Amino acid sequence: MRLLRLYIHNSGVFKNTLIDFTHNGEPQNLICLAGVNGSGKTTVMELIFNLINFINPDLSLQNISFDRLRANVLTWTEFAQLDILIKDKVLSLVLGDLNNIQIHSEYIGKQGFIIENEIKTMIKDFEDNFVKIPEDYDHSQIQGLNIYQETIGLQLVKSFSERKIDYKEGKITNDIQQNIPFIYFFNSHDREIQDIHYSSIPQQKLKYEIAHRYNPNKDDLTRTLVFYDYALSKKFNELKAWINKHVLVGKTIKEIDRINFQVVIETKDGEKHGLELLSSGEESLLIIATQLYLRASQNAIFLIDEVDQSLHPEFQEQVMRLLKQLQKDTDCQIIISSHSEIIWDQFKDKGFISLTELVI
Ligand SMILES: Nc1ncnc2c1ncn2[C@@H]1O[C@H](COP(=O)(O)OP(=O)(O)O)[C@@H](O)[C@H]1O
Ligand SMILES: [Mg+2]
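Cut-offs applied
- Residues numbered from 1 in each chain as written.
- Chains lettered and ligands numbered in written order.
- Predicted model: local features only at pLDDT ≥ 70, side-chain atom pairs only at ≥ 80, totals over all residues.
- Helix = DSSP H or I, 4+ residues; strand = E, 2+ residues; numbered from the N terminus.
- Buried ≥ 20, exposed ≤ 12 C-beta atoms within 10 Å, placed from the backbone.
- Contact = placed C-beta atoms within 7 Å.
- Expected span 1.5 Å × (residues − 1).
- Arc of directions from axis to C-beta.
- Axes fitted to C-alpha atoms, helices over the stretch in contact; angles between N-to-C directions.
- Parallel < 35°, antiparallel > 145°, perpendicular 65-115°, else oblique.
- Left-handed = near helix turned anticlockwise from the far one by under 90°.
- Nonpolar A, V, L, I, M, F, W, Y, C, P; charged D, E, K, R; others polar.
- Pairing = 2+ DSSP bridges.

1. Focus on the overall build of the protein
On a plain count of helices and strands, the protein comes out with 10 helices and 17 strands. With 360 residues in all, the protein has 35% of them scored as buried. Of the contacts made within the protein by residues no fewer than 6 positions apart, 73% connect residues no fewer than 24 positions apart.

Here is the structure:
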């Protein structure tokens, strides 16, 4: 599964733009979106994430991102088309006017479309008319509003799943159904360990969803590791071995202290401490590595916005090493964004997309 191309008409800085993720027509495994601040890196990632969600037939309000400050990217995009290669077929996810659709001559008879026009108005209506409450907000504090929002939510969920989608050139084929993409998005904030206290091991929801966004509360690192050690110990041991080999330098994950809800880190001098004493760069590396490793597969596409955030130059090289290793071990596709030259230098001619140049 590989992203091939993204066409955009009128979305923020993009007027009429083709972002080509291939190199000489070949899909790429690891891609870097480069560009100065405001060149559209986050916009591209948000577009990819939201368009892939179109595959979900039961798309509901919960699957659509509502940021506290930023309007959903679909509402301010006139037209977008994301082409994904699935085995030897192309699935095109389209927002907006049918007349703008791009057909690939090399995929005649092998290109299918999901075309969505109503979702924009639905999201916009919601954004314009209702108070947005962050997912992690303590709902008990706003009881009246909570009930009100739930009532509204129920109505909206219904209309979302009844939204009209056009399928061009046949329905989603079997191939695509069996190889449903899985997309995971790290936004540029929140990549640090939260101060969360537990009295028992919380159960992780292992439900499959097409599009996930990293959530520092739900995907909290200690909780994830303690849970895997407890419930999925084989996978945990694989993860631990992988992390100790490819991620941490001069220290290892030693064990899980389940009673005290601690992940025990051992330094090369034999000192032991918990996760909270790691540096913020180490935290960030460990969070990225853990979440990706647990989800990586041939069908997985990962988006990491501002991958260098809070990373010292040496750690920037380390994160690139671990992403390359993970890509090789699992055959996933990874798309990062960065304005660090240390990261850019890791890409020679392949997989490097300069948005600054595309937008001018
Ligand atoms: N709701 C919006 N409507 C129109 N344009 C927007 C909206 N949100 C962002 N933009 C434009 O898109 C530009 C690129 O933003 P962004 O993708 O966040 O850049 P980057 O991640 O590269 O720093 C912003 O500078 C802004 O001009
Ligand atoms: Mg950004």
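2. Digging into helix 6 (residues 233-246)
Helix length check: helix 6, at 14 residues, gives a terminal C-alpha distance of 20 Å against a target of 20 Å (1.5 Å per residue), a fit within 8%. Among the residues of helix 6, F236, L239 and K240 are the ones counted as buried. In a view along the axis of helix 6, the buried residues occupy a sector of 100°, so they form one face of it. Pointing more than 90 degrees away from the buried face of helix 6 are the exposed residues K234, N237, A241 and K245. Next to the buried residues of helix 6 lie helix 5 (221-231), strand 12 (251-257) and helix 7 (280-295).

3. Describing unusual backbone geometry
At E306, a residue that is not glycine, the phi angle is positive and equals roughly 50°. Relative to the elements of secondary structure, E306 occurs in the loop between strand 15 (300-304) and helix 8 (313-330). Despite not being glycine, S310 has its phi angle at roughly 65°, a positive value. By the element assignment, S310 lies in the loop between strand 15 and helix 8.

4. Topic: the environment of K120
Mapped onto the elements, K120 comes out in helix 2 (residues 119-129). Look past the residues within four positions of K120 in its chain and what remains in contact with it is L74, T75 and L95.

5. Topic: the packing of helix 6 against helix 7
One way to put it is that helix 6 packs onto helix 7 with a least axis distance of 11 Å and a crossing angle of 140°. Here helix 6 is positioned oblique relative to helix 7, judged by the angle of their axes. Helix-helix and strand crossings are classified by hand; for helix 6 and helix 7 the assignment is right-handed. In this structure, helix 6 uses L239, W242 and I243 to contact helix 7, whose residues at the interface are L286, A289, T290, Y293 and L294. Partitioning the contact of helix 6 with helix 7 into residue classes produces 7 nonpolar, 1 polar and no charged.

6. Observations concerning the environment of C32
Structurally, C32 is set in strand 5 (residues 30-34). The exposure class assigned to C32 is buried, which follows from the 24 C-beta atoms found within 10 Å. With residues up to four places along the chain from it excluded, the contact list for C32 reads I336, S338, I343, W344, F347, G351, F352 and I353.

7. Regarding the sheet that holds strand 13 (residues 262-267)
Taking strand neighbours across the sheet as the criterion, the 3 strands line up as 12-13-14 in an open arrangement whose pairing is antiparallel. The open sheet is flanked by strand 12 and strand 14 (272-273), the only strands paired with a single partner. Direction of pairing for strand 13 relative to strand 14: antiparallel, over a ladder of 2 bridges. The partner of I265 across the bridge, within strand 14, is H273.

8. Overview of the pairing of strand 2 (residues 14-20)
When strand 1 (residues 2-11) meets strand 2, the two strands line up antiparallel, connected through 6 bridges. Its bridge partner lying in strand 2, L6 is registered against I19.

9. With respect to the sheet that holds strand 11 (residues 211-213)
Spatial ordering of the open sheet is given by 11-10-15-16-5-17, a layout of 6 strands whose pairing is parallel. The open sheet is flanked by strand 11 and strand 17 (352-354), the only strands paired with a single partner. Each adjacent strand pair in this sheet contributes to an overall mean axis angle of 15°, direction not counted. By the bridge criterion, 5 bridges tie strand 5 to strand 16 (residues 333-338) in an arrangement that is parallel. Directly across from A34, in strand 16, lies its bridge partner S338. Here helix 7 sits on the sheet in contact with strand 10 (182-186) and strand 15, set at roughly 175° to strand 10.

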